[in-house]
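# Architecture at a glance
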Amino acid sequence: MKVLEVKNYEEMSSIAANMIIELVKSKPDAKLGLATGGTPIVLYKELIQDYRKNGTSYEQVCTYNLDEYVGMDPEDSNSYRYFMEKNLFAHINVPESHIHIPDGTAEDLKAECERYEDELIRGGGIDIQILGIGSNGHIGFNEPGTSFSSHTHIVKLAETTRKANARFFHSLEEVPTEAITMGIASILKANQILLLASGINKSEVMRRLLTTDEVDEQLPASALKKHPNVTILADDNALSLV
Ligand code: GLP
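Residues numbered from 1 in each chain as written. Predicted model: local features only at pLDDT ≥ 70, side-chain atom pairs only at ≥ 80, totals over all residues.

Where an unreviewed UniProt entry is consulted, the protein chain appears under the name Glucosamine-6-phosphate deaminase, with the organism given as Fictibacillus phosphorivorans. UniProt, in the comment section headed Function (unreviewed entry), describes the protein chain in these words: "Catalyzes the reversible isomerization-deamination of glucosamine 6-phosphate (GlcN6P) to form fructose 6-phosphate (Fru6P) and ammonium ion." UniProt, in the comment section headed Pathway (unreviewed entry), describes the protein chain in these words: "Amino-sugar metabolism; N-acetylneuraminate degradation; D-fructose 6-phosphate from N-acetylneuraminate: step 5/5." (UniProt positions renumbered as here; feature names shortened; annotations may be inferred.)

Below, the structure is given as structure tokens:
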């Protein structure tokens, strides 16, 4: 894993955005693996700004999101589908049919997981996967204890994750208890992985990730150590204990 230390959230976001823009310019039909949460919001803003200013086209790009809450209607303002629409898709020219996000309202969730994994495989592989990291080390919604050989699956969210994400909801009770997420093995299939971490509340998990060689299912992000092309882009605060 290559670790790039940057000053702050803004610098992290703009370096990450440039990596994506360069990829899309050199490979117009790039497959982008996208994440939600607070971390990538300014990165998406930068993509939108570049699209408006320089016209980088997403017409042939396909996007694959990591996860979605179970039971959450795509129109619900707390769904990850809605998040992506609001923060990126509505502002660039990616065709609707090129957007892939698990359907948390599917009647048969197990079949939906299989369908999504199949869609990922049929897409031919993700060129760059953007990841945030949970303070318990989760990537996507793969909570501690998730098998490293997991593919798209249903997870029960850890209470710490529900609490961390409650800031996007009116109350903790509203935060769903389950989600569909790409598995660790699905994530590791990406050609390149870019993990973003910003802020002091990520410092402890970055310490756990970066100060030992340990690869342990209790720390899902440690699976990334098995991948040949991972860049960690983290700011001073996130790396303050390393
Ligand atoms: C969420 C998402 C992850 C995200 C992580 C960190 O629960 N499922 O994809 O990376 O938690 O979130 P944030 O970027 O808001 O710190």
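Now that the structure has been shown, the text picks up again.
## Some points on the sheet that holds strand E2 (residues 31–34)
Sheet architecture is open: seven strands sit in the order E1-E10-E9-E6-E2-E3-E5, paired in parallel fashion. A strand with exactly one partner marks an edge of an open sheet, and here the two such strands are strand E1 (2–6) and strand E5 (99–100). Two elements, E2 and strand E6 (residues 128–131), share two bridges in a ladder whose sense is parallel. The partner of Leu 32 across the bridge, within E6, is Ile 128. Running over the sheet, helix H1 (residues 9–26) touches E1, E2, E6, strand E9 (192–197) and strand E10 (230–235) and is turned about 150 degrees from E10. (Pairing = 2+ DSSP bridges. Helix = DSSP H or I, 4+ residues; strand = E, 2+ residues; numbered from the N terminus. Contact = placed C-beta atoms within 7 Å. Axes fitted to C-alpha atoms, helices over the stretch in contact; angles between N-to-C directions.)

## Description of the site of the ligand
Neighbouring the ligand are 14 residues; Ala 35, Gly 37, Gly 38, Thr 39 and Gly 132 lie closest to it. Residue classes in the shell around the ligand are distributed as four nonpolar, nine polar and one charged. (Near = placed C-beta within 6 Å. Nonpolar A, V, L, I, M, F, W, Y, C, P; charged D, E, K, R; others polar.)

## Quick notes on H1
Because the α-helix completes a turn every 3.6 residues, residues three or four places apart line up on one side. Compared with an ideal rise of 1.5 Å per residue, which puts 18 residues at 26 Å, H1 spans 26 Å between its outermost C-alpha atoms and is within 8% of the ideal. Listed in full, the buried residues belonging to H1 are Tyr 9, Met 12, Ser 13, Ala 16, Ala 17, Ile 20 and Val 24. Viewed along the axis of H1, the buried residues span an arc of 125 degrees, placing them on a single side of the element. The exposed set on the far side of H1, more than 90 degrees from its buried face, consists of Glu 22 and Ser 26. Along its buried surface, H1 packs onto E1, E2, helix H2 (41–54), E6, E9 and E10. (Expected span 1.5 Å × (residues − 1). Buried ≥ 20, exposed ≤ 12 C-beta atoms within 10 Å, placed from the backbone. Arc of directions from axis to C-beta.)

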